[in-house]
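The chain contents come next:
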Amino acid sequence: FTTIRCLALGSPSNSRNALYQLAYVVEIAKFFDIDRVSMYDPVFTSKDVYLLESMKYVVEESTESEPKETLYFIPHAPLELTNVILNNEKPAYILGNDIVSHTDRYTKQKLYDTYPTISYLVHLTQKSRDKSHVVDDNEDFVPVTKRKKRGKKAFQEPTLNYDGQEWYFMTATVSRFVESFRKNDDWGNSFSDLAYHVLE
């Protein structure tokens with residue numbers, strides 16, 4: 001990475017979680033020896049802007065950056081914002097909420113209709129998971145099927161067609177942080193649900 005693009009941080013002067021997340025950005029920048037960090041959140045106060053600019057960070061709504069060299073840090077961004085970022089900025093590397101787990105409350109059709117790019121991302125991760133769970137013919141494995149209850153039809157998700165659109169990525173992998181962050185820890189839920197997304 002040559003650049004960090006931080007969006008939806010919150011206000012570090014008013015939020016303890018945002019302050020911890022900002023400290024994490026500082027650590028990531030140090031680790032990768034990055035001196036180009038840009039940030040934007042409409043909730044930034046004049047104090048926040050002063051703090052960030054004094055740290056030599058650029059505060060701007062949009063920026064020219066090379067997606068394949070930029071780490072996007074978007075902690076706790078809602079799905080609608082994540083979908084906009086995916087469409088507008090086309091990031092290849094995202095550190096933020098596990099996008100897949102945050103779509104559980106949607107049916108496949110609803111997700112496809114509401115957030116098509118996120119729907120495609122979830123579809124790709126599901127495909128790769130299915131491939132990794134293919135059973136070898138030589139394994140001692142007997143599939144067990146449930147007996148159907150008479151008179152009731154099970155709900156079937158519709159088959160969605162992702163082929164008719166142009167996507168900027170063809171594969172998606174999501175790696176969740178294995179550390180279990182408890183809300184009563186000093187940093188609260190600043191890093192809960194954190195995952196690393198690679199879109200290529």
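Refer to the structure above for everything that follows.
What comes next concerns the included structure. (Residues numbered from 1 in each chain as written. Predicted model: local features only at pLDDT ≥ 70, side-chain atom pairs only at ≥ 80, totals over all residues. Heavy atoms only, no water.)

With that settled, the discussion passes to the packing of aromatic side chains. Within the structure shown, the criterion is met by 13 aromatic pairs. A ring pair is formed by Tyr 120 and Tyr 162, whose centres lie 5.8 Å apart and whose planes are at 45°; its orientation type is tilted. Placement of Tyr 120 in helix 5 (residues 116–132) and of Tyr 162 in the loop between helix 5 and strand 6 (172–176) is noted, with a sequence separation of 42 residues between them. Taking the relative accessible area as the measure of exposure, Tyr 162 reaches 10% and is therefore buried. Here the aromatic rings of Tyr 120 and Trp 167 are separated by 4.3 Å at their centres, their planes lie at 10°, and the arrangement is stacked. One end of the pair, Tyr 120, is in helix 5; the other, Trp 167, is in the loop between helix 5 and strand 6, with 47 residues separating them in the sequence. One exposure class covers both Tyr 120 and Trp 167, and it is buried. Linked through ring pairs, Tyr 112, Tyr 120, Tyr 162, Trp 167, Tyr 168 and Phe 169 together constitute an aromatic cluster. (Phe/Tyr/Trp six-rings, centres within 6.5 Å; stacked < 30°, edge-to-face > 60°. Helix = DSSP H or I, 4+ residues; strand = E, 2+ residues; numbered from the N terminus. Buried < 20%, exposed > 50% of the residue type's maximum accessible area, 1.4 Å probe, protein only.)

With that out of the way, let us pick up the pairing of strand 7 (residues 194–199). Along strand 7, 5 of the 6 residues are buried, which leaves the element largely enclosed by surrounding structure. The pairing of strand 5 (residues 93–97) with strand 7 spans 5 bridges and is antiparallel. Its bridge partner lying in strand 7, Tyr 93 is registered against Val 198. For strand 6 and strand 7, the ladder comprises 5 bridges, and the chain directions are antiparallel. Bridged to Ser 175 within strand 7 is Tyr 196. (Pairing = 2+ DSSP bridges.)

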